[in-house]
Every structure is written in structure tokens, then in C-alpha cells.
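Residue strings, one per chain:
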Amino acid sequence: MREKIRRFLSARRRAMLWSIFLPTFLFGDITEAQEKTYQKTRAQLRLEEQRRLQNQKIAEIRRRNAERNAAKAEAARTASTKAAAAVPKLRYTWIKSQRYVLLSDIAKFYSLSLVPTKIGAVLRGRKKVDLYYNKRIAAVDGVTIYFTNAPVLRGTNAYLHEKDLLLVLDPLLRGGGLMKYQIRTIMIDPGHGGSDKGAAGPRGLLEKNLNLAMALKLRTALRKLGYQVIMTRAADSTLSLQGRSDLCEKFRPDLFLSIHCNAASGKTITGIETFAMTPQGCASSNDSKPGNTKSSGNAFDKNNYRLAYEIQKALLRNTEAEDRGVKHARFFVLRNASCPAVLIETGFISNQREGALLNRADYQAKIVNAIVLGILNYRAAYR
């Protein structure tokens, strides 16, 4: 019995072993046969190589751009350093508690040569400036201007008042310091009117009528150029100074031009002068006492003076009248202006010859054309 059992178990064990190893013997390891190694196609390999080369090129371009930008930045820093070193320092001194700038440094700053004279100095270059020690009168390219304080000489060094450098000379020598804006609307203010006759000339000539005649011609000329023009008065009507300033405040024009005729007790006095608002802390041209009150018109000090200069220069060229200069004054309409403003004294109605000229249509046309040219030159100064 035991022998049968042993044989049976031996036969069964052999059968089990054959069932396990026979498939492996015939077909190998089933697990290994099912596992296959993944291989990329040639197209995939080519695409990967193209991407690798593309990324390599991109990285090279970025590296070169970074190097180029770094070189540009370094060049800009170097240029800025050289430019800063090239700009001369404006040295100054205190005279009677006021700061005065060394004239030789001013000349270098504007790339002008300084030529001392017995009574003053001349700055020569793109523009010519004539100055006189201890006198407020000066000239730029032959047009008379007025400083708020006279240049002074201390030993061998000449000095110019700081405000005259910043608010008179600088706006005339360059346009970079001017307030830049578009000019679309211009307000024209014919002085006097109605019951306020203004100055009187020979043969019943009245300033209010001449002012209005020139203002109306100026309105026509400016409108032809596309400007919007607003008149403080367009007829022989009475209008207060406050009323004129109120209109300027209401309409907010880009320029304010007040047209007048001059008068003097001396009947031989002639000439044209143009006024801008006096800077704060300075004396007006026809005064010696500084005024410390700041007015709304002082917001445009530089532009005021450049506008007055350009108009005066054009007036002198067109009329060949005597040059009485570009001056400062605290006239009510200038003091309360909400934009760059000037007051133009077109000539002396009190002088028989000049009064007769002011009453002539052709001479009025010369004045009007000059004012228009001055406006155009002023606009071009800061472009």
C-alpha cells in the first residue's frame, strides 16, 4: 500500500513539474517575453535634434543680446558721466543777501565766449548778449532787454543775479526751459474803451480807438491761421481791469495779448516796448523797489518773457521804430493772467509823427503782422 502511495505521489509531482517548466522550456520566460524595450522612431529623433539645436541658438542669441545691452548701458553711463563732467558748475557769490552767478560760468554753460569790455561784457555764440556793469539794461541779438538787477563786477569777476539768469537770460538763450504746450486759443485785450478813453493824441486821436482797430485786425489775422480768438471787447465798450481778468480766468486761453498805445509828457518820446509780468521778489523795470507778492501770472515767468521778446523783436523789424525794450511790470492784467501774457505798447500817441503812423491802416498792418510773427516764433522756440 505504501509503495502505491509513493508511486502515485511521485507521478503527480512529475506531472506538476512538467506543467511548470514545460512552457518555459518551450517558450522561454513569459514575463520577459511580454516586456518590450521602447525605441524612438527616426522622425522623433530628428525632431528632438532640431529642438536641441533651436534651443541652443536661442540661448546664444539671448547671451549676445545680454552682452549687447550691457555694453549699451555701460556706454550710456560713460556718456552721462562725461556729459555731467562737461557741464560747467555755476559758481555764485552773495551780494547784499542776493545770490549772483559767475558770468564766466554762465558763458561756458551756454557755449558762449566771454569778451570783457570797459563797461561790461559781451557773450558771443549762437546768440549775442551785451551786458553793462551796474546797469539793468542789456541786449540779446540787438533787442533791448531789462534785467531785474544790474550785473556787478567784483574784482576781475563779473556776476549776474540768479533770477536774471533763470527768468530772463535762460528763456531767451534756449527753449528747453520753457513750458511746452499747444496754442489753440488766444485772447486779445484792446486796452481802455467806452468811458475810459485812454491816452489822447493830436487832432482828437484817442488810444481806445487805435487799440480796438489793431485788435480787430489781429483777430482776423490769427483766425486765418486757425486760432480761436476771444476778444475782451469787440466794440467801444467800457470794461474794468477786473472784468478783463475775469474773462481770462473764465475762458482759459493759451495766450493773453493786451494792446495799448503809449503816451508821455515829452512829446518827442517815441518807440515800442513790450511788458511781461515782474518775477516775485524783483523790481519792475520802471521801479527800483522789489515786490514780494506772488501772483498767478508768475506761474509763467519764463514763457512770459520769451513771448514778449519775440513780439518786440518782430515789431522792431517790421516798423523800424525805436526800441524801448522788453520790460517787466505788474500791470493788473499781467498779474492776474491764467496763461502766458504780455502787454504791448505799440507806440506813442503823444508824439505827432508816431501818433499819425498809428492811425494809418498800413502801419497798423505792420504791427499786426509783427505780433503774429512773434507768436509763431515763440511757439517754435520750445518745439
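Everything that follows concerns the structure shown earlier in this document.
Everything in this summary refers to the structure shown in the same document. Keep in mind it's a predicted model, so treat the numbers as computed, not measured.

Conventions we followed
- Residues numbered from 1 in each chain as written.
- Predicted model: local features only at pLDDT ≥ 70, side-chain atom pairs only at ≥ 80, totals over all residues.
- Heavy atoms only, no water.
- Helix = DSSP H or I, 4+ residues; strand = E, 2+ residues; numbered from the N terminus.
- Expected span 1.5 Å × (residues − 1).
- Buried < 20%, exposed > 50% of the residue type's maximum accessible area, 1.4 Å probe, protein only.
- Contact = heavy atoms within 4.5 Å.
- Polar contact = N/O pair within 3.5 Å; in protein donor to acceptor, adjacent residues only side chain to side chain.
- 1 Å grid on protein atoms, 1.4 Å probe; cavity = no way out; pocket = protein on both sides within 12 Å on 5 of 7 lines; lining within 4 Å.
- Points joined across faces, edges and corners; volume = space filled by probe spheres on them.
- Nonpolar A, V, L, I, M, F, W, Y, C, P; charged D, E, K, R; others polar.
- Core = buried A, V, L, I, M, F, W, Y, C linked by side-chain atoms within 4.5 Å.
- Salt bridge = Lys/Arg side-chain N within 4 Å of Asp/Glu carboxyl O.
- Phe/Tyr/Trp six-rings, centres within 6.5 Å; stacked < 30°, edge-to-face > 60°.

Moving on, we come to helix α6 (residues 207-224). For the α-helix, the turn length of 3.6 residues means that residues three or four positions removed from each other point alike. For α6, which comprises 18 residues, the first-to-last C-alpha distance of 26 Å matches the rise-based estimate of 26 Å (1.5 Å per residue) to within 8%. Of all the positions in α6, only Glu207, Lys208, Leu210, Asn211, Leu212, Met214, Ala215, Leu218, Ala221 and Leu222 are classed as buried. Contacts made by the buried residues of α6 are with β10 (185-190), β11 (228-231), β12 (255-262), β15 (341-348), α10 (352-358) and α11 (361-381). Positioned one or two residues after α6, Gly226 has a phi angle of 95°, which is positive.

With that settled, consider the side chain of His161. Residue position: His161 is located in strand β9 (residues 157-161). At 3.1 Å, the side chain of His161 forms a polar contact with the backbone nitrogen of Lys163.

A few words now on the layout of surface pockets. The method is simple in principle: a probe with the dimensions of a water molecule rolls over the atoms, and the space it marks as empty is what remains. If you add up the space inside the largest pocket, you get close to 280 Å³. Around the largest pocket, the lining is made up of 16 residues, and of these Gln98, Tyr100, Thr148, Asn149 and His161 lie nearest the centre. Where the lining of the largest pocket is concerned, the elements lending two or more residues are β2 (98-102) and β8 (152-154). Partitioned by chemical class, the residues of the lining of the largest pocket number seven nonpolar, six polar and three charged.

Before going further, it helps to spend a moment on the nonpolar core. In terms of nonpolar packing, the biggest core is built from 70 residues, with Ile145, Ile186, Ile188, Leu218, Leu222, Leu257 and Ile371 touching the most fellow members. Ignoring anything within four residues of it in the chain, the contact list for Ile145 reads Arg136, Ile137, Ala138, Ala139, Val140, Val168, Leu172, Tyr305, Tyr309 and Val326.

As a further point, take the pattern of salt bridges. Counted by the stated rule, this structure contains 18 salt bridges. One salt bridge connects Arg99 with Glu162, and the closest N-O pair in it is separated by 2.7 Å. A residue pair is termed long-range when its members are at least 10 positions apart, and Arg99 in strand β2 and Glu162 in helix α5 (residues 162-173) qualify at 63 residues. Note that Asp141 is salt-bridged to Lys127, the shortest N-O span being 3.7 Å. Taken as a pair, Asp141 in the loop between β6 (137-140) and β7 (143-146) and Lys127 in the loop between β4 (120-124) and β5 (129-132) lie far apart in primary sequence, 14 residues in all. The buried category is assigned to Lys127, whose relative accessible area is 13%. Among the ionic contacts, a cluster of salt bridges with common partners joins Glu60, Arg63, Arg64 and Glu67.

Another point: the packing of aromatic side chains. Each aromatic ring pair is specified by the distance between its two centres and by the angle formed by the two planes. All told, the structure shown has five aromatic pairs when counted by the stated rule. Measuring from centroid to centroid gives 5.8 Å for Tyr181 and Tyr382, while their planes differ by 15°, and the two rings are stacked. Remark: Tyr382 occurs in the segment after α11 and Tyr181 occurs in the loop between α5 and β10; sequence separation between them is 201 residues. Comparing Tyr181 with Tyr382 shows no difference in burial state: the two are buried. Judged by centre distance (5.6 Å) and plane angle (80°), the ring pair of Tyr378 and Tyr382 falls under edge-to-face. Note on Tyr378: relative accessible area 0%, which makes it buried. Put simply, the rings of Tyr181, Tyr378 and Tyr382 touch in pairs and so form one group of aromatic residues.

That's the geometry; what it means functionally is another story.
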